[in-house]
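Letter by letter, the chains look like this.
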Amino acid sequence: MGLHFFDKSPSWPSEQLARLGPPTVLLQAGILCVVWAEDALSIVHRVPTVLFDTQLLVSDDDLHSAARTICSKLPYALSNDDERAWKDVRLFNKDRPHAFNIGGATLFLRHHNPEWARKNEMADRIFLHAASVFHFDVNDPSRTCLNPEPPSEESRGVRFPTLAAFYDALIATQVFPPRPFIHRMFERRLACWISYLTQYTLSDKGICTEPSSGPDKVLIPACFDLLEKVKPETRPYLIRHLITVTPPEIWDAAVEMEAIREEECERLGLPVPPPRPLPYSPYLRARGVEMLVSPPPLTPYLVRHLNGKRAIQWRPLVKYASIARTILR
């Protein structure tokens with residue numbers, strides 16, 4: 001079966017109207033909300049994906065009021081999620097925990113009549129996330145966009161992540177997941193969403209590098225434009241993804257992201273935020289294996305030459321330059 005690329009949403013108007021019921025209710029109640037996951041991928045970013053659970057991001061302070069609003073206006077109720085799809089694989093974590101902290105930073109809502117909801121194109125399951133779960137700022141209008149073809153006047157103001165903000169959040173969440181440990185099933189889900197965005201939204205029909213560039217892998221202009229819009233700390237991870245270079249281990253990528261964030265704060269004269277805790281590997285911990293953490297010897301940076309041409313330059317992180325020089329000798 002071949003790939004099909006779309007220049008508008010593959011989600012038809014009646015499906016969009018049904019799926020956007022919960023965020024429209026929040027919009028009418030004055031609660032900031034961003035549509036997430038497959039709904040955002042399909043409705044705004046033209047990804048031909050099945051629409052699974054509805055996932056919404058709200059301000060951390062609005063989490064419980066958002067749940068109450070949806071449950072009071074629509075036939076949903078707070079519940080526990082026991083679906084296998086969001087539990088980790090037993091080989092990696094014998095406890096098979098859920099990807100999200102249900103009842104904490106994530107609330108789970110279930111439709112009163114799931115079968116009826118599915119027949120009528122509505123979501124029978126909703127994950128309502130505090131925006132910090134995905135390192136997203138719902139209060140920053142520059143990180144969100146509108147549906148170019150809303151299915152109704154009421155849903156016109158519903159917000160979705162911009163392409164750059166979507167990448168930033170997915171990469172940051174992959175490296176700093178919502179639980180204190182690495183969750184392989186969740187990591188794969190995030191990687192899938194990143195690949196969907198690259199394949200269907202960003203690339204030129206699946207191509208991210210100039211065909212004539214050969215092994216040098218010169219990125220197409222759309223990729224360079226995106227790299228200029230994402231955060232400096234997520235840029236190296238995205239560059240490796242776009243030129244198909246194997247990324248470092250998650251904990252090494254976390255060290256790299258923290259170092260770049262520190263570099264950027266110092267460059268701008270801003271206070272350096274406290275470092276985020278590194279996620280641990282349940283697989284290694286259960287076997288008594290120490291998690292060896294080290295920054296990558298070389299990090300890809302986006303640079304612009306004197307002639308205005310953009311390029312990728314590999315060099316050691318400033319913080320670890322002396323260590324990198326020793327490793328590369």
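A. Molecular detail of the overall build of the protein chain. A count of helical and extended segments in the protein chain gives twelve helices and nine strands. A compact globule built from 329 residues would reach a C-alpha radius of gyration of about 20 Å, and the protein chain, at 21 Å, matches this within 12%. For the protein chain, the residues scored as buried account for 49% of the 329 residues in total. Taking the contacts inside the protein chain whose residues are at least 6 apart along the sequence as the reference set, 68% of them involve residues at least 24 apart.

B. Representation of the side chain of S9 in the model. Along the polypeptide, S9 turns up in the segment before α1 (13-19). A residue is classified by how much of its surface remains accessible, and S9, at 19% relative accessible area, is buried. In this structure the side chain of S9 is engaged in a polar contact, spanning 3.4 Å, whose partner is the side chain of Q16. Polar side-chain contacts of S9 include one of 2.9 Å to the backbone oxygen of S42.

C. Inspection of the environment of L227 at higher detail. The topology assignment puts L227 in helix α8 (residues 221-229). The exposure class assigned to L227 is buried, which follows from its relative accessible area of 0%. Counting along the chain gives eleven residues from L227 to L238, while the straight-line C-alpha distance between them is 7.8 Å. Apart from residues lying up to four places away in sequence, L227 is in contact with L219, R235, L238, I239, L242, L302 and I312.

D. Representation of the packing of aromatic side chains within the structure. Enumeration according to the criterion identifies 15 aromatic pairs in this entry. A ring pair is formed by W36 and F134, whose centres lie 5.2 Å apart and whose planes are at 55 degrees; its orientation type is tilted. Here W36 is found in strand β1 (residues 33-36), whereas its partner F134 is found in the loop between β5 (125-130) and β6 (144-146), with 98 residues between them in sequence. Here W36 and F134 have matching classes, each one buried.

E. Here's a closer look at the pattern of salt bridges. Summed over all chains, the structure comprises 18 salt bridges. Here R118 and D124 are joined by a salt bridge, their closest N and O atoms 2.8 Å apart. By relative accessible area, D124 is classed as buried at 15%. Between R240 and E256 there is a salt bridge whose closest N-O contact spans 2.9 Å. Taken together, the residues R240 in helix α9 (residues 235-242) and E256 in helix α10 (residues 250-268) connect sequence positions 16 residues apart. Neither residue differs from the other here; R240 and E256 are each classed as buried.

F. The pairing of strand β8 (residues 299-304), seen in detail. Counted residue by residue, β8 has five buried out of six residues, so it is predominantly covered. Bridge count between β8 and strand β9 (residues 310-315): six bridges; the pairing is antiparallel. Across the sheet, the residue bridging to Y301 is Q313, located in β9. Here β8 folds back onto β9, and the loop between the two strands holds five residues, one of which, G308, carries a positive phi near 90 degrees.

G. Seen up close, the environment of D60. Position of D60 relative to the elements: it lies in the loop between β2 (54-58) and α4 (63-73). With relative accessibility at 39%, the residue D60 sits in the partly exposed group. D60 sits 25 residues away from A85 along the chain, and the two C-alpha atoms are 25 Å apart. The residues touching D60, leaving out its near neighbours within four places in the chain, are A130, A131 and S132.

H. Layout of α4. Along α4, the residues that are buried comprise L63, A66, A67, T69 and I70. Buried residues of α4 fall within an arc of 160 degrees about the axis and therefore sit on the same side. Exposed side chains of α4 directed beyond 90 degrees from the buried face belong to R68 and S72. Where α4 is buried, its residues meet α2 (21-28), β2, β3 (76-79), β4 (106-111) and β5.

I. Representation of the side chain of D39 within the structure. Structurally, D39 is set in helix α3 (residues 37-43). Residue class for D39 comes out buried when judged on its relative accessible area of 1%. Other than its neighbours up to four places away in sequence, D39 contacts R19, V44, L51, D53, T54 and F160.

J. The packing of helix α6 (residues 163-175) against α10, seen in detail. Taken N-terminus to C-terminus, the directions of α6 and α10 make an angle of 120 degrees; their axes are 9 Å apart at the nearest point. Taken together, the axis directions place α6 and α10 in an arrangement best described as oblique. In contact with A172, Q174 and V175 of α6, α10 contributes I250, A253, A254 and M257.

K. Quick look at the nonpolar core. By size, the foremost hydrophobic cluster in this structure holds 76 residues, and its most contacted members are W36, L128, F134, F136 and W193. When residues in this core are grouped by element, the largest group, nine residues, is from α6. In this structure, W193 is in contact with W36, A37, E38, L41, Q55, W86, F134 and L170, ignoring residues within four places of it in sequence. Counting six residues, the second-largest nonpolar core is a separate cluster that includes V255, Y301, L317 and Y320.

Each value, and the rule that gives it
- Every chain's residues receive numbers from 1 upward, in the order its sequence appears when written.
- With pLDDT at 70 or above as the cut-off, local features in this predicted model cover only qualifying residues; side-chain atom pairs require 80 or more to be listed or tallied, and sums for whole chains, interfaces and linings still use all residues.
- Neither water nor hydrogens contribute to the side-chain values; these are computed over all heavy atoms in the structure.
- Secondary structure elements follow DSSP: runs of H or I of four or more residues count as helices, runs of E of two or more count as strands, with numbering from the N terminus.
- Using C-alpha atoms as the atom set, the radius of gyration is obtained and then compared with a globule rule of 2.2 Å times the number of residues to the power 0.38.
- Only protein chains enter the area calculation, which uses a 1.4 Å probe; residues under 20% of their type maximum are buried, those over 50% are exposed, and those in between are partly exposed.
- Only heavy atoms matter for contacts: two residues are in contact if any of them lie within 4.5 Å across the pair.
- Polar contact is the term for a pair of N or O atoms within 3.5 Å; when the atoms are in protein, one must be able to donate a hydrogen and the other to accept it, and sequence-neighboring residues count only if both atoms are side-chain atoms.
- Whether two aromatic rings pair depends on their centres lying within 6.5 Å, for rings of Phe, Tyr and Trp, where Trp uses its six-membered ring; planes under 30 degrees apart make the pair stacked, over 60 edge-to-face, and the rest tilted.
- Any carboxyl oxygen of Asp or Glu within 4 Å of a side-chain nitrogen of Lys or Arg constitutes a salt bridge here.
- Strands were regarded as paired on the criterion that DSSP finds at least two bridges between them.
- Directions pointing from the helix axis toward each C-beta atom define the arc.
- Inter-axis angles, ranging from 0 to 180 degrees, are taken between N-to-C directions of lines fitted to C-alpha atoms, where helices are fitted over the stretch in contact.
- The labels follow the angle: roughly parallel below 35 degrees, roughly antiparallel above 145, roughly perpendicular from 65 to 115, and oblique for the rest.
- In plain words, nonpolar cores are sets of buried Ala, Val, Leu, Ile, Met, Phe, Trp, Tyr and Cys residues tied together by side-chain atoms within 4.5 Å.

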